[in-house]
Structure formats: structure tokens, C-alpha cells
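Take a look at the letters that make up each chain.
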Amino acid sequence: MSDPIENKSPQNSEHAAQQQQQQLYLRSSITAGIRRNSSVVYPVSKGEYPPVKRLDPMHKKRILVTGGAGFVGSHLVDSLMLLGHDVICLDNFFTGSKTNVTHWIGHPHFELIRHDVVDPILLEVDQIYHLACPASPRHYQSNAVKTLKTSFFGTYNMLGLAKRTKARFLLASTSEIYGSPAVHPQPESYWGNVNPIGPRACYDEGKRVAEALSYSYARQDNVDIRVARIFNCFGPRMNWNDGRVVSNFILQALENKDLTVYGDGKATRCFQYVQDLVDGLIRLMDSDVTEPINLGNPEEYTINEFAEIILKMVGEGKETTAKVVHLPAVEDDPQRRKPDITKAKELLGWEPKVSMLEGLRGTVAYFRSTLDDEH
Ligand SMILES: NC(=O)c1ccc[n+]([C@@H]2O[C@H](COP(=O)([O-])OP(=O)(O)OC[C@H]3O[C@@H](n4cnc5c(N)ncnc54)[C@H](O)[C@@H]3O)[C@@H](O)[C@H]2O)c1
């Protein structure tokens, strides 16, 4: 009998994989449950798990994803599972949720561990994607000391695990290490302009020390490291009460409330779609590139433009009274951010494929369906 996987052309199989992945988060009743009055009902899955690729033992890896139940982590888990690997998702569920990975629970290739990376853990793995860390200012500032502990001890423990198991280690770093940048757009060679004592320092400096730790382990103990500097990312499964601009605006627009812009709205941001980021992370992990790599979408918008786009997209064909309103600026909020992705293009052959508008349409559809389930 012919093998359906091997018969597909690369383009067809890429498209099919994307569609398969979309189904995982669009089946919201399975992942988020069905709301019935004051109850929530989770259907018992009687069907099959999503089909995963058949890998021969030479190519199949045991992959640890810390923070795997979070927004980016859960999409990464989906991709790695569909690629046929054995995946361990480790999370303390501070900002992540089991519902993001429900569709894999019980699958023979998948394991979910509740654990805090601040404590060491013994596992046998070939690769570690280290994402565990709250990413939104609201969450990382709610316990700044814990954020610093997660950034330092969490990274220290995972690098120790990588050293013992000789696993390759990828750090999810951030564009926040550039602080309020004096160089625009930001190349990896820019050392940044971070306020070390401000309210964002727990995260920005936490990630800077996580990078320093990674390169120290690489120099001193030959740990095989990769460092991704991630710029703003959005998509389905974003935590919608985390106060970040994309989820805030979409939620406010869907509920016909005014969109709140902090400051004059002239600050710029670039937003990448989560699937592009996940592709970049996997490419970086599987490459020989040990220097830090920016992953982001250079399409630049002011916050005001962005608010107007969302208002228009959500309000399409409907009466809306919502408008953009301005509130006082937030301390240390960077004014400009734009990735220079020359290195990602040259060294990884990576660049974003999903435009901001296209990604936004999918995200609005996801939030709308989740909101419908709530009512
Ligand atoms: N989303 C973005 O725009 C963005 C931008 C730059 C960098 N990043 C980085 O990517 C990673 C993932 O971000 P995200 O947007 O998915 O955030 P998220 O908050 O949705 O996910 C973080 C996950 O880590 C878990 N976690 C937090 N502290 C932990 C701990 N001590 N032990 C174990 N698990 C812990 C959370 O429960 C959550 O599941 C983070 O490291 C973040 O710094 C994200």
C-alpha cells in the first residue's frame, strides 16, 4: 500500500501540515470546553489523535519544551509532535494552561509534567527548548523577584540538564534585551539600552543574564547552545487577560469597548505571527548557528495605526461605537522596536511568511469563537 506521507510534494505537505495545525486550536470546545450556564463540559475524546509523522529511530528526538503549556510553547509542542518527535512539556501553569495541550494528553509520544524550573529536574533528553518565563509585563511584574529567579535559576537548571545529557539547548530570549533602543532597526550586534532598576528590569535583565549564562556554559562546558531573540508575537491561544496590546485591542473591539492606547500612540511595534516564530525556533535549533538570532516581522506600525486596523477588522459590517482613547504612558515602554532579520535570512533561510493582517484575521476569528463559547 502506498504511504500517504511520502506521496506528498513538499508544498502540499507543508500546506496540509499548516491546516492540520490550525485544526488543533480552532477546535475550541475540545481545548477550552463547552460552557453551559454555570458549568463547563469537556468532551471525552473518542476519536483519534491528530496523525503524527512516522520517524525512524535515527531521526526521532526526545525534546523537552519548558513553558510548553504557554502561548508560544503550545504551538511549538504541536509542531514538534506533528513532526513525529517524543515531546515532554514541562510547565508550572503560572500563565500557561493544560487546555493548550489537552489534545495531546495520553498520546504515546507526549508527556506533561507540572514542575517549576526554579528547581532542578532529572530527565533524559536530546534537545531543550527553554521557554519557561512569563512574557507579559502584567504577569512578570506581578512577582518581579520570582521572574528573576525563573530567569536565572530556571536557565541555570536547564543548562545544567543540557550539560549532563549533552542535549542541545535553545533559549527563548527577547527583543527586550535591547531596552529602549538607540539603534533602529536592531541588529544582533547592538548591546542595548536597558534601565537596570526600572519596573521592566526583572524581565529585561533576567533575559540578559539568561543569555550570559548560556554563553558562559557554552565557553566553559561546551554546552551546545542556540539563542533566539524573539520580537513581539501574536496569535491564537494568547492569554487574553495579559494586558498585551494585541489581545487587549481585539478583546476590547469584540466587546464593543473603547481601545485603550497608553501614551500618544506614536510608538511603533512589529508583530510576528506565532507559526512563523515556531518555524524560526525549529530552524535555529536544527542549525549550526550559535550566535544570537533575531526572530521577528519587520512590518512596522504605530500603536495608533494598529488600533485602527483592529477596530476596522472586528467591526466589519457591524455597527460599533468603540473608538480609540488615550491613557497616560507606561514607564519605560520602548518607543521603537523593529528587528533587523538579515542574519535569520542569511543563516537560517528564515523570514516571516504570514503578514500582520493575515495573522490578525486568524487571531480575531479565534478570539471571536472563544468569546462565543463563553456566552
Ligand atoms: N510572546 C512574545 O511576544 C514573546 C516575545 C519575546 C520573548 N518571548 C519569550 O518566549 C517565551 C514564551 O512566551 P509566551 O508568550 O508563550 O508566554 P506565556 O506566559 O504564554 O508562556 C510562558 C510559559 O512558561 C510557564 N512558566 C512560567 N514560569 C515558569 C516556571 N518558573 N517554571 C515552569 N514554567 C513556567 C508559564 O506557565 C507559561 O506556560 C518566554 O520565555 C518569553 O520570554 C515571548
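Preceding this paragraph is the structure being described.
Notes on the structure in this doc start here. Quantities reported herein were computed from a predicted structural model and do not represent experimental measurements. (Residues numbered from 1 in each chain as written. Predicted model: local features only at pLDDT ≥ 70, side-chain atom pairs only at ≥ 80, totals over all residues.)

Focus: the overall build of the chain
In terms of regular secondary structure, the chain is built from eleven helices and 15 strands. Expressed as a percentage of its 375 residues, the buried residues of the chain come to 41%. The contacts in the chain between residues at least 6 apart in sequence include a share of 80% that link residues at least 24 apart. (Helix = DSSP H or I, 4+ residues; strand = E, 2+ residues; numbered from the N terminus. Buried ≥ 20, exposed ≤ 12 C-beta atoms within 10 Å, placed from the backbone. Contact = placed C-beta atoms within 7 Å.)

Regarding the site of the ligand
Taken together, 29 residues surround the ligand, and among them G67, G70, T95, G96 and A135 come closest. Among the elements that take part in the shell around the ligand, helix α3 (residues 71-82) stands out by supplying three residues, more than any other. In terms of residue class, the shell around the ligand is built from 15 nonpolar, twelve polar and two charged. (Near = placed C-beta within 6 Å. Nonpolar A, V, L, I, M, F, W, Y, C, P; charged D, E, K, R; others polar.)

Examining the pairing of strand β10 (residues 259-262)
Only one face of β10 is covered, namely the one carrying L259 and V261; the face carrying T260 and Y262 has none of its residues buried. Sheet analysis places β10 next to strand β15 (residues 324-327), joined by four bridges and oriented parallel. In the sheet register, L259 faces β15, and the bridge partner there is V324. (Pairing = 2+ DSSP bridges.)

So, the sheet that holds strand β6 (residues 127-130)
Within a sheet, adjacent strands bond to each other through the backbone by hydrogen bonds, running parallel or antiparallel. Spatially, seven strands are ordered β5-β4-β3-β6-β7-β8-β13 in an open sheet, and the strand pairing comes out parallel. Every interior strand has two partners, whereas the edge strands, β5 (110-114) and β13 (293-295), have only one. Taken over all neighbouring pairs, the strand axes of this sheet differ in orientation by 20° on average, direction set aside. Here strand β3 (residues 62-66) runs beside strand β4 (residues 86-91); their pairing, made up of five bridges, is parallel. By the bridge assignment for β4, T66 is matched with L90. Each of β3, β6 and β7 (168-174) touches helix α5 (residues 144-165); the most contacted strand, β6, lies at about 170° to it. Here helix α8 (residues 274-285) sits on the sheet in contact with β6, β7, β8 (225-230) and β13, set at roughly 160° to β8. (Axes fitted to C-alpha atoms, helices over the stretch in contact; angles between N-to-C directions.)

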